[in-house]
Number of protein chains: 2
Amino acid sequence: MSTPADPPSAAPVIVLVRPQLGENIGKAARAMLNFGLVEMRLVAPRDGWPNPSAGPAASGADIVLSGARVFGSVAEAVADCAHVFATTVRKRGVTKPVLTPEEAARDIRTAAGRCAILFGPERSGLETEDVALARAIVTVPINPEFGSLNLAQAVILMAYEWSKSQALAQPTLEAIDPPAPQAELEGLFGQLDTMLDATGFYHPPERTPATRRTLRTLLTKPGWSAQEIRTLRGVLSALEGKKRPRN
Amino acid sequence: MSTPADPPSAAPVIVLVRPQLGENIGKAARAMLNFGLVEMRLVAPRDGWPNPSAGPAASGADIVLSGARVFGSVAEAVADCAHVFATTVRKRGVTKPVLTPEEAARDIRTAAGRCAILFGPERSGLETEDVALARAIVTVPINPEFGSLNLAQAVILMAYEWSKSQALAQPTLEAIDPPAPQAELEGLFGQLDTMLDATGFYHPPERTPATRRTLRTLLTKPGWSAQEIRTLRGVLSALEGKKRPRN
């Protein structure tokens with residue numbers, strides 16, 4: 001349980017998913033630091049890391065770049081995060097809450113546990129698989145006839161809203177358990193997935209990816225706490241036929 | 001003064017004062033159009049106008065560039081405007097109201113008469129003489145240890161706030177499924193409960209009510225939709241060994 005002694009959640013982690021140009025990574029770093037965000041994570045940057053084009057574009061936001069960590073997948077990048085937000089402009093056919101940057105910033109500000117915000121590659125944006133990992137979608141309300149936000153602009157709008165929400169300076173703590181780190185949710189999903197696979201649930205094969213995505217979305221929605229995840233894993237183990245230890 | 005009888009003012013004019021690089025003029029145009037602003041005015045652009053570097057940087061926001069008008073002084077550029085706002089990060093020793101972008105956007109939204117927002121040259125920002133023409137100063141609250149907003153970023157934050165203030169009248173409805181009727185949730189719980197009972201999960205008996213309550217709380221938390229409940233019942237049936245019908 002969260003208690004009044006718990007600190008409010010820290011600043012969100014900015015996760016650039018498969019960024020293409022080092023220059024844009026640098027610009028994103030600059031955008032972040034302008035509003036006090038310092039933790040950047042990179043998922044499979046196209047040109048590797050470090051990237052010599054990033055530094056000059058960061059205009060002095062070196063602390064962000066030097067601390068950036070690289071991951072092979074989105075799941076690894078957000079494994080320690082309790083809340084994952086995916087920025088995307090397109091409707092994805094996924095049934096997740098759609099928030100404005102302002103609403104997302106408010107959620108982040110009051111959330112217990114670490115938050116991550118995903119930003120997709122410059123050209124294509126986040127893939128459906130990336131979005132499936134997130135609890136909510138963040139969409140900037142933009143001119144429907146000219147939507148042309150670049151990566152650093154999307155980052156700066158989120159960072160700006162986060163900074164604004166912080167300035168409101170009202171540390172409202174939720175008195176509920178924070179959602180479990182994403183890795184624990186993945187553990188639950190993996191266990192269920194293995195069990196279902198054995199039953200022939202994923203039939204026909206061509207529908208398997210969509211079915212998996214649906215289930216992942218279902219299980220991501222609740223924001224279960226670590227304790228709740230443990231309980232559910234116990235449920236699955238019972239259904240699987242493994243006996244629980246009886247003191 | 002604005003009165004209830006006044007019509008709301010039109011979109012503000014964006015005035016770039018002595019901009020240096022054509023590329024930045026183009027980026028500012030792109031930033032504007034993303035949030036529905038189309039009227040740009042240029043005061044003594046360093047490299048003249050039109051500038052061949054502007055178009056490529058505008059990424060298609062040509063309507064803004066082609067309509068841009070050039071003036072020799074700030075006074076001429078804002079001659080038809082009733083309200084002039086000057087964006088600046090530095091204290092200028094001028095006794096004018098200092099607004100956040102959000103506050104300025106609200107003022108613009110409710111003001112009678114045309115509004116203009118001044119943005120200074122890339123390197124130096126607005127001069128004291130320019131600021132003197134404005135009724136209020138707009139300052140983006142920024143990281144005091146790293147203030148490095150470029151011209152297009154300052155423009156996009158103002159355009160974004162203006163767009164937000166305009167959108168307040170039209171609340172965006174979330175297009176997500178409502179939670180299923182409680183009876184359907186009970187159906188899911190009942191199915192799981194029966195399955196778990198058969199496995200010996202509810203042991204020892206004296207703890208059964210508490211365990212049931214915990215599970216019910218867990219399953220109530222998500223607010224799953226009717227479709228999601230159906231999917232989960234399919235999952236349970238699969239785990240129970242009932243085959244799903246295969247067309």
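- Chain A appears in an unreviewed UniProt entry as tRNA (cytidine/uridine-2'-O-)-methyltransferase TrmJ from Sphingomonas canadensis.
- Looking at chain A in UniProt, the text filed under Subcellular location (unreviewed entry) is "Cytoplasm".
- You can read under Sequence similarities (unreviewed entry) in the UniProt record for chain A the words "Belongs to the class IV-like SAM-binding methyltransferase superfamily. RNA methyltransferase TrmH family."

## Details of the interface of chain A and chain B
At step 1: Every contact between the two is made by 60 residues of chain A and, on the other side, 57 residues of chain B.
At step 2: Summed over both sides, the interface of chain A with chain B buries roughly 4900 Å², with 60% coming from carbon and sulfur.
At step 3: Seen at the junction of chain A and chain B, the total is five salt bridges.
At step 4: When the shortest N-O distance is used, the salt bridge between Glu 102 of chain A and Lys 164 of chain B registers 3.1 Å.
At step 5: At the junction of chain A with chain B, the criterion picks out 18 residue pairs in polar contact (both at pLDDT 80 or more).
At step 6: Contributing elements (two or more residues each) for the side of chain A that touches chain B: helix 1 (22-34), strand 5 (98-99), helix 5 (101-110), helix 7 (151-167), helix 8 (182-199), helix 9 (208-220) and helix 10 (226-240) of chain A.

## Considerations on the packing of helix 9 of chain A against helix 10 (residues 226-240) of chain B
At step 1: Look at helix 9 of chain A against helix 10 of chain B: their axes get within 11 Å of each other, and the N-to-C directions meet at 110°. For the element pair helix 9 of chain A / helix 10 of chain B, the angle class is roughly perpendicular. Judged by the twist between their axes, the crossing of helix 9 of chain A over helix 10 of chain B is left-handed. Of the residues in helix 10 of chain B, those in contact with Thr 214, Leu 215 and Leu 218 of chain A of helix 9 of chain A are Glu 228, Thr 231, Leu 232 and Val 235 of chain B.
At step 2: Its residues placed into classes, the contact of helix 9 of chain A with helix 10 of chain B shows four nonpolar, two polar and one charged.

## Comments concerning the state of the cysteines
At step 1: Here the structure, examined in full by the defined rule, presents zero disulfides over all chains.
At step 2: Unpaired in terms of disulfides, Cys 81 of chain A finds its nearest cysteine sulfur in Cys 115 of chain A, a separation of 7.7 Å.

## Brief notes about the nonpolar core
In summary, soluble globular proteins display a tendency toward joint burial of nonpolar side chains.
At step 1: Within the largest apolar cluster, 78 residues are counted, with the highest numbers of intra-cluster contacts made by Leu 16 and Met 40 of chain A together with Leu 16 and Met 40 of chain B.
At step 2: Leaving out residues up to four positions away in the same chain, Leu 16 of chain B has contacts with Ile 25, Ala 28, Met 40, Arg 41, Leu 42, Val 43, Phe 119, Leu 151 and Val 155 of chain B.
At step 3: Counting 38 residues, the second-largest nonpolar core is a separate cluster that includes Ala 180 and Leu 188 of chain A together with Leu 188 and Phe 201 of chain B.

## A closer look at the sheet that holds strand 6 (residues 115-119) of chain A
Residue and element names in this part refer to chain A.
At step 1: Within the open sheet, the seven strands sit side by side as 3-2-1-6-4-7-5. Their pairing is parallel. Of all the strands in the sheet, just strand 3 (69-71) and strand 5 have a single pairing partner and so form its edges.
At step 2: Sheet contacts for helix 1: strand 1 (13-17) and strand 2 (40-43); angle to strand 2, the most-contacted strand, approximately 155°.

## Brief notes about the domain arrangement of chain A
How big an interface is tends to be stated in terms of the accessible area lost upon association of its parts.
All names here are of chain A.
At step 1: Looking at chain A, the domain boundaries give domain 1 (13-163) and domain 2 (182-243).
At step 2: Placing a centre on the C-alpha atoms of domain 1 and another on those of domain 2 gives a separation of 27 Å.
At step 3: Counting residues at the interface gives twelve residues for domain 1 and nine residues for domain 2.
At step 4: Counting each side, the surface lost to burial between domain 1 and domain 2 is near 960 Å², with a carbon and sulfur contribution of 54%.
At step 5: Considering only the surface of domain 1 that becomes buried against domain 2, Ala 132, Leu 133 and Arg 135 emerge as the three largest contributors, covering 46% of it.
At step 6: Seen at the junction of domain 1 and domain 2, the total is one salt bridge.
At step 7: Glu 129 is the salt-bridge partner of Arg 213, the closest N and O atoms lying 2.6 Å from each other.
At step 8: Linking domain 1 with domain 2 are six residue pairs in polar contact (both at pLDDT 80 or more), by the criterion used here.
At step 9: Per-class residue counts for the side of domain 1 that touches domain 2 are seven nonpolar, two polar and three charged.

Here is what the cut-offs are and how they apply
- Residues numbered from 1 in each chain as written.
- Chains lettered and ligands numbered in written order.
- Predicted model: local features only at pLDDT ≥ 70, side-chain atom pairs only at ≥ 80, totals over all residues.
- Heavy atoms only, no water.
- UniProt positions renumbered as here; feature names shortened; annotations may be inferred.
- Contact = heavy atoms within 4.5 Å.
- Buried area = accessible area lost by both parts, 1.4 Å probe.
- Salt bridge = Lys/Arg side-chain N within 4 Å of Asp/Glu carboxyl O.
- Polar contact = N/O pair within 3.5 Å; in protein donor to acceptor, adjacent residues only side chain to side chain.
- Helix = DSSP H or I, 4+ residues; strand = E, 2+ residues; numbered from the N terminus.
- Axes fitted to C-alpha atoms, helices over the stretch in contact; angles between N-to-C directions.
- Parallel < 35°, antiparallel > 145°, perpendicular 65-115°, else oblique.
- Left-handed = near helix turned anticlockwise from the far one by under 90°.
- Nonpolar A, V, L, I, M, F, W, Y, C, P; charged D, E, K, R; others polar.
- Disulfide = S-S within 2.5 Å.
- Core = buried A, V, L, I, M, F, W, Y, C linked by side-chain atoms within 4.5 Å.
- Buried < 20%, exposed > 50% of the residue type's maximum accessible area, 1.4 Å probe, protein only.
- Pairing = 2+ DSSP bridges.
- Domains from an automatic or database assignment.

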